[in-house]
Amino acid sequence: MSFIRNTFAVLMGLSIAGLIITLGIRVFPQWITFDAFAPFEHWQRFLYSMRNDEAFFGFLLFISGLGTTIGGVATAIIVKYAKVAYAILIGFIMLFIAMLDVIIFPYHPTFYKISIFLTFFPFSWIGGKIVEIIYERNKKKRIADKMNRTK
C-alpha cells in the first residue's frame, strides 16, 4: 500500500511542478507563441522563438524552482516516511527532464545550462524541509498538550 501511496505522491508532485511551470510561462502574453494550453507540445518551436530572450530563461529558472518547491511540498505531505528524500526525488526527476531538454534542444543560454544544477535540488530540498519542520512542530505540540492534560 505504501508503494502505491509513494508513487501517487511522486506523480502528484511532478504534475504540480509541471502545472506551475506552464502557468508561469503563460503569465506574460508576449511569450505565448503557441495555441495549446501548455507550451510543451511544441517545445522546440517555442524555445527557438525565445532563444535570444535571456529574461525568459531567468524567469524559467525561477518558476522551475518555485514549481519544484511546491511539488516537493505536495509530495512530502502525501508520503508517510522519508519526506525530504521523496521531495528531493522530485528535484532529481525535474533535473533529469531539464538536462534532457538542454541536450535535445540547443537554444538555451549558457547560464541556464549551468543554473539548472543549482536550482532543482536546493528548491526541492526546501520543499521537503518545510513539511518536515511543520510536522515536527505539530508533533511536539501534541506531545506538550498531552503532557499538560495529564497534570
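Fair warning: this is a prediction, and the values are worked out from it, not measured in the lab.

## A short note on the pattern of salt bridges
So, step 1. Going through the model one piece at a time under the given rule, you end up with one salt bridge.
So, step 2. Across the pair Glu132 and Lys129 runs a salt bridge whose closest N-O atoms are separated by 2.7 Å. Remark: Lys129 and Glu132 occur in helix H5 (residues 110–150); sequence separation between them is three residues, near one turn of the helix.
So, step 3. According to the relative accessible area criterion, Glu132 is partly exposed, its value standing at 29%.
So, step 4. The partly exposed category is assigned to Lys129, whose relative accessible area is 27%.

## Considering a nonpolar patch on the surface
So, step 1. A grouping of Ile77, Trp125, Ile126, Ile130, Ile134 and Tyr135 is seen on the molecular surface, where their side chains present a nonpolar patch of about 550 Å² in accessible area.
So, step 2. Broken down by element, the nonpolar patch gets its largest block of residues, five residues, from H5.
So, step 3. Within the secondary structure, Trp125 sits in helix H5.
So, step 4. Given a relative accessible area of 41%, Trp125 falls into the partly exposed group.

## Section: helix H1 (residues 2–25)
So, step 1. Between its first and last C-alpha, H1 extends 34 Å over 24 residues, near the 34 Å set by a 1.5 Å rise per residue.
So, step 2. Considered for burial, the residues of H1 that qualify are Asn6, Ala9, Val10, Gly13, Ala17, Ile20, Ile21, Thr22, Gly24 and Ile25.
So, step 3. Lining the buried residues of H1 we find helix H2 (43–49), helix H3 (54–78) and helix H4 (83–104).

## Let's talk about the packing of aromatic side chains
Centre-to-centre distance and the angle between the planes together describe a pair of aromatic rings.
So, step 1. Inspection of the entire model under this criterion finds five aromatic pairs.
So, step 2. A ring pair is formed by Phe59 and Phe62, whose centres lie 6.1 Å apart and whose planes are at 45 degrees; its orientation type is tilted. You can see Phe59 and its partner Phe62 sitting in helix H3, three residues apart, about one turn around the helix.
So, step 3. The exposure class of Phe62 is partly exposed, given its relative accessible area of 48%.
So, step 4. Between Phe92 and Phe121 the ring centres are 6.4 Å apart and the planes differ by 25 degrees, which places this aromatic pair in the stacked class. Taken together, the positions of Phe92 in helix H4 and Phe121 in helix H5 put the pair 29 residues apart, joining distant regions of the chain.
So, step 5. Owing to a relative accessible area of 31%, Phe121 belongs among the partly exposed residues under this scheme.
So, step 6. One aromatic cluster in this structure is built from Phe56, Phe57 and Tyr112.
So, step 7. Positioned over the ring face of Tyr135 is Lys83, at 4.3 Å from the centre of the ring.

Reading the values: the criteria
- Residues numbered from 1 in each chain as written.
- Predicted model: local features only at pLDDT ≥ 70, side-chain atom pairs only at ≥ 80, totals over all residues.
- Heavy atoms only, no water.
- Salt bridge = Lys/Arg side-chain N within 4 Å of Asp/Glu carboxyl O.
- Helix = DSSP H or I, 4+ residues; strand = E, 2+ residues; numbered from the N terminus.
- Buried < 20%, exposed > 50% of the residue type's maximum accessible area, 1.4 Å probe, protein only.
- Patch = residues over 30% accessible without salt bridge, like charges linked within 9 Å, V, L, I, M, F, W, Y side chains within 5 Å.
- Areas by Shrake-Rupley, 256 points an atom, 1.4 Å probe, with all protein chains shown as cover.
- Expected span 1.5 Å × (residues − 1).
- Contact = heavy atoms within 4.5 Å.
- Phe/Tyr/Trp six-rings, centres within 6.5 Å; stacked < 30°, edge-to-face > 60°.
- Lys NZ or Arg CZ within 6 Å of the ring centre and 35° of its normal.

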